[in-house]
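# Residue-level structural notes
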Amino acid sequence: MHSSLLKKISWVTIFSVAMGFMESAVVVYIRALYYPKGFQFPPVPVDYTIAVTEIFREAATLIMLLSMGILLGKNKAEKLAYFIFCFALWDIFYYVFLKWLLGWPSSLLTWDILFLIPIVWVGPVIAPIILSMTMVFLSAGILYYGQKNKSVIVSAPEWTLLVAGSLTVIFSFTRDFTRFIFSRYSFAELMQLSADKKLFELSLNYIPVTFDWIIFGLGEVLLLSAVVIFIRRNSCS
């Protein structure tokens, strides 16, 4: 491995781990304020301004991680690689630090709120960790072959599989909350509530019921297929 690439990966790793700690620190503060006896569903009522701030904080975090990819990558493939590498390590160490600081999660099957953009994402902790490991695998492949071939690209079929897999996985994370919302409102009613606090208040009554492992597994198969095709194509070139 070239020393310049190793230096980049080392600093990106340090940055991502630090981001993971910062994210977990925010959760420590939130849980001390709202969940002194430990987090559980349904979420406790929080100030609307706090909830909106949390959503924008998540968006800011994604922008920061994306910026690393844009700044470090020499082409589209490398930009993707650095972004998903940062994202994956950030997510993994977020849970590592939460376990260290709070003793949570109690198991890899513990439910967690993963994201709030554009709606609530939930799933057992092991699911985002599996996805993060897939990201690390793909990013490692891109960076490895990128140092051998400066024109390395992610082909159109590989992009198709990556996008399809990502959307499928996202659907598995949002499916249960979507079911919960549509059990109470029609699509037309939701359009009228989009700028209303009532939808936010309704989400405070949400308790996860099921996680669709079949849909998540299908998404993972699509993602891993893209990774395997990418590696086989580049190893033969």
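Conventions adopted
Residues numbered from 1 in each chain as written. Predicted model: local features only at pLDDT ≥ 70, side-chain atom pairs only at ≥ 80, totals over all residues. Heavy atoms only, no water. Helix = DSSP H or I, 4+ residues; strand = E, 2+ residues; numbered from the N terminus. Rg over C-alpha atoms; globule rule 2.2 N^0.38 Å. Buried < 20%, exposed > 50% of the residue type's maximum accessible area, 1.4 Å probe, protein only. Contact = heavy atoms within 4.5 Å. Areas by Shrake-Rupley, 256 points an atom, 1.4 Å probe, with all protein chains shown as cover. Lys, Arg positive; Asp, Glu negative; His and termini not counted. Charge placed at Lys NZ, Arg CZ, Asp CG, Glu CD. Expected span 1.5 Å × (residues − 1). Polar contact = N/O pair within 3.5 Å; in protein donor to acceptor, adjacent residues only side chain to side chain. Salt bridge = Lys/Arg side-chain N within 4 Å of Asp/Glu carboxyl O. Core = buried A, V, L, I, M, F, W, Y, C linked by side-chain atoms within 4.5 Å. Pairing = 2+ DSSP bridges. Phe/Tyr/Trp six-rings, centres within 6.5 Å; stacked < 30°, edge-to-face > 60°. Axes fitted to C-alpha atoms, helices over the stretch in contact; angles between N-to-C directions. Parallel < 35°, antiparallel > 145°, perpendicular 65-115°, else oblique. Left-handed = near helix turned anticlockwise from the far one by under 90°. Nonpolar A, V, L, I, M, F, W, Y, C, P; charged D, E, K, R; others polar.

Attention now goes to the overall build of the chain. The secondary structure content of the chain amounts to eight helices and two strands. The order of helices and strands in the chain, counted from the N terminus, is α-α-α-β-β-α-α-α-α-α. Compactness check: the chain gives a C-alpha radius of gyration of 19 Å against a globular reference of 18 Å for 237 residues, within 12% of the reference. Looking at the 237 residues of the chain, the share that counts as buried comes to 43%. Partitioning the intrachain contacts of the chain with sequence separation of at least 6 by distance along the chain shows that 74% fall at a separation of at least 24. Carbon together with sulfur atoms contributes 71% to the accessible area of the chain, which is approximately 13000 Å² in total. Each charge class in the chain was averaged separately, 18 positive and 14 negative side chains, and the resulting centres sit 10 Å apart.

A few words on the side chain of glutamate 54. Relative to the helices and strands, glutamate 54 resides in helix 2 (residues 48–72). Ignoring sequence-local partners within four residues, the contact set of glutamate 54 consists of Val26, Ile30 and Leu116.

Under the 1.5 Å per step criterion, the end-to-end length of helix 2 is 37 Å for 25 residues, consistent within 8% with the ideal 36 Å. Where helix 2 begins, one side-chain oxygen reaches toward the backbone nitrogen of threonine 49, 2.9 Å away; that side chain belongs to aspartate 47.

Turning next to the pattern of salt bridges. Considering all chains together, one arrives at six salt bridges under this definition. The closest approach of N and O atoms between glutamate 54 and arginine 57, which form a salt bridge, is 2.5 Å. One end of the pair, glutamate 54, and the other, arginine 57, are both in helix 2, three residues apart, so they sit about a helical turn from each other. On the accessibility criterion, glutamate 54 (18% relative accessible area) is buried.

This brings us to the nonpolar core. Formed by 44 residues in total, the largest nonpolar core has its most connected members in Ile142, Val154, Leu162 and Phe173. Of all the secondary-structure elements, those providing two or more residues to this core are helix 1 (3–34), helix 2, helix 3 (76–102), strand 1 (111–115), helix 4 (126–148), helix 5 (156–182) and helix 8 (213–235). At 14 residues, helix 3 tops the list of elements feeding residues into this core. The next biggest cluster of nonpolar side chains, apart from the first, holds 10 residues, and it includes Tyr35, Phe39, Val122 and Leu202.

Before going further, it helps to examine the pairing of strand 1. In this structure, strand 1 lies alongside strand 2 (residues 121–124), joined through four bridges in antiparallel fashion. Of the residues in strand 2, the one forming a bridge with tryptophan 111 is proline 124. The hairpin formed by strand 1 and strand 2 contains five residues between the paired strands.

Once that is clear, we can look at the packing of aromatic side chains. The final tally for this structure, using the stated rule, is 22 aromatic pairs. Centroid distance tryptophan 90 to phenylalanine 115: 6.3 Å. Interplanar angle 40°. Geometry classified as tilted. Taken as a pair, tryptophan 90 in helix 3 and phenylalanine 115 in strand 1 lie far apart in primary sequence, 25 residues in all. As far as burial versus exposure is concerned, tryptophan 90 and phenylalanine 115 are alike and both buried.

Another aspect to go through is the packing of helix 4 against helix 5. Look at helix 4 against helix 5: their axes get within 12 Å of each other, and the N-to-C directions meet at 165°. Relative to helix 5, the element helix 4 is oriented roughly antiparallel. Judged by the twist between their axes, the crossing of helix 4 over helix 5 is left-handed. Contacts from Ala127, Pro128, Leu131 and Leu138 in helix 4 reach Leu162, Val169 and Phe173 in helix 5. Along the lines of polarity and charge, the residues of the contact of helix 4 with helix 5 split into seven nonpolar, no polar and no charged.

Within the secondary structure layout, isoleucine 126 lies in helix 4. Take isoleucine 126: its relative accessible area is 24%, and that puts it in the partly exposed class. The residues touching isoleucine 126, leaving out its near neighbours within four places in the chain, are Leu108, Leu109 and Trp213.

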